[in-house]
Amino acid sequence: PVFQDWFRERKVERIYIGNAFCHLLFPEETTLFSMLDKAYKLGVKITVTFSYVREYQLKHMEKLLKKLEQWCREENTKLEIEVNDWAMADMLKYSLPDLIPCYGRMLNKRKKDPRMPYKKGNVELLQENNLNAEFYREYLEQEFGIHRFEWESCGYTQEIPKKMQNHLHVPFYQTNTSSYCTLCAVLEHGERGKQRERQECPAPCLEHSFFYPKHLYMKGKYNSLFALDKHLLDEPEQLKRELGIKWNRLVVNLL
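Residues numbered from 1 in each chain as written. Predicted model: local features only at pLDDT ≥ 70, side-chain atom pairs only at ≥ 80, totals over all residues. Heavy atoms only, no water.

Peer 1: What should I look at first to understand the packing of aromatic side chains in this one?
Peer 2: When we look at a pair of aromatic rings, we describe it by the centre distance and by the angle of the planes. Per the stated rule, a full pass over the model turns up 10 aromatic pairs. A ring pair is formed by Tyr136 and Tyr139, whose centres lie 6.4 Å apart and whose planes are at 25°; its orientation type is stacked. Note that Tyr136 and Tyr139 are positioned in helix H6 (residues 134-144) at a spacing of 3 residues, about one turn of the helix. A residue is classified by how much of its surface remains accessible, and Tyr139, at 39% relative accessible area, is partly exposed. What links up through ring pairs into an aromatic cluster is the set Trp86, Tyr103, Tyr136, Tyr139, Phe144 and Phe149. In this structure, Arg192 is placed above the aromatic ring of Phe210, and the distance from its NZ or CZ to the ring centre is 4.3 Å. (Phe/Tyr/Trp six-rings, centres within 6.5 Å; stacked < 30°, edge-to-face > 60°. Helix = DSSP H or I, 4+ residues; strand = E, 2+ residues; numbered from the N terminus. Buried < 20%, exposed > 50% of the residue type's maximum accessible area, 1.4 Å probe, protein only. Lys NZ or Arg CZ within 6 Å of the ring centre and 35° of its normal.)

Peer 1: What is the right way to look at unusual backbone geometry in this model?
Peer 2: Excluding glycine, a negative phi dihedral is what most residues carry, and trans is how most peptide bonds are arranged. Here the bond from Val170 into Pro171 is cis, since omega is -5°, no more than 30 degrees from zero. Mapped onto the secondary structure, Pro171 falls in the loop between strand S6 (165-170) and strand S7 (172-177). Within the chain, Ala203 stands out as a residue other than glycine whose phi angle is a positive 55°. When you line up the elements, Ala203 lands in the loop between helix H7 (182-189) and strand S8 (210-211). Take Ala203: its relative accessible area is 18%, and that puts it in the buried class. At Tyr222, a position not held by glycine, the phi torsion is positive, near 45°. Structurally, Tyr222 is set in the loop between strand S9 (218-221) and strand S10 (224-228).

Peer 1: Where do I start with the sheet that holds S7 in this structure?
Peer 2: Either a parallel or an antiparallel arrangement is found when strands of a sheet pair, and the pairing is made through backbone hydrogen bonds. Read from one edge to the other, the open sheet built from 4 strands follows the order S7-S10-S9-S8, with strand pairing classed as antiparallel. Edge positions in the sheet fall to S7 and S8, since each has one partner strand and no second. Judged from the 5 bridges that link them, S7 and S10 form a sheet pairing that is antiparallel. Bridge pairing in S10 links Thr177 to Ser224. (Pairing = 2+ DSSP bridges.)

Peer 1: What should I look at first to understand helix H2 (residues 29-41) in this one?
Peer 2: Think of an α-helix as turning once every 3.6 residues; residues three or four places apart then point the same way. Between its first and last C-alpha atoms H2 spans 18 Å; for 13 residues at 1.5 Å apiece the expected length is 18 Å, and the two agree. Within the sequence span of H2, burial applies to Leu32, Phe33, Leu36 and Ala39. What you see down the axis of H2 is that its buried residues fit within an arc of 125°, all on one side. Across H2 from its buried face, at more than 90 degrees, point the exposed residues Thr30, Lys38 and Lys41. Check the buried side of H2 and you find it contacts strand S1 (14-18), strand S2 (45-49), helix H3 (58-75) and strand S3 (79-83). Directly after H2, the chain includes Gly43, whose backbone phi takes a positive value near 75°. (Expected span 1.5 Å × (residues − 1). Arc of directions from axis to C-beta. Contact = heavy atoms within 4.5 Å.)

Laid out in structure tokens, this is it:
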């Protein structure tokens, strides 16, 4: 009911295209630009989400960013880029004025685990992270032009800095990510430890997942673990408090 109240008389204004956690789940180039064209024609704003960048991807990413910049010029618009790798942040700060960097969820780090309340007890000391340091936010803006930030609702109240654009992702949050794919390792070799670097993938995560004890509300999807912020959904007052914070954007993510 609280979500229904929040979304009443609101409409979807933006779509996120890409994947913040697995580089192999980013859409192929033809698909990407078809999606951009479709969203643009529908009048929907766009955020293109990139994950970490492998060494072999660097040249390709530079070319892709230039193509995105060219698309923006042709359509007389701008794209927001969710940055989850410092190489990507460095590439964006040179001669790509139509691509607006946004501090991604992989960079916006904090301790997130559904087991913490009963393992750690008090989580008040976890409410702040490096973004609460003003000098660090100033560095991000001066060095990389970053003044937009992606956050995840992660089971406890976070201390959110003001005077900047904050985007809250609900109701799932990432707890950890492997640089290789644990799901592929188990499906192919029967062991998580037999992970290896991949440059291609048959995407078994479209059909398979890891499941965990029900009380944890966790799920293993591709190379990451995700948890459901159950308190946010079960406790209307908590959700009202979260939504009452000045969020510039509420992002609904689906697994």
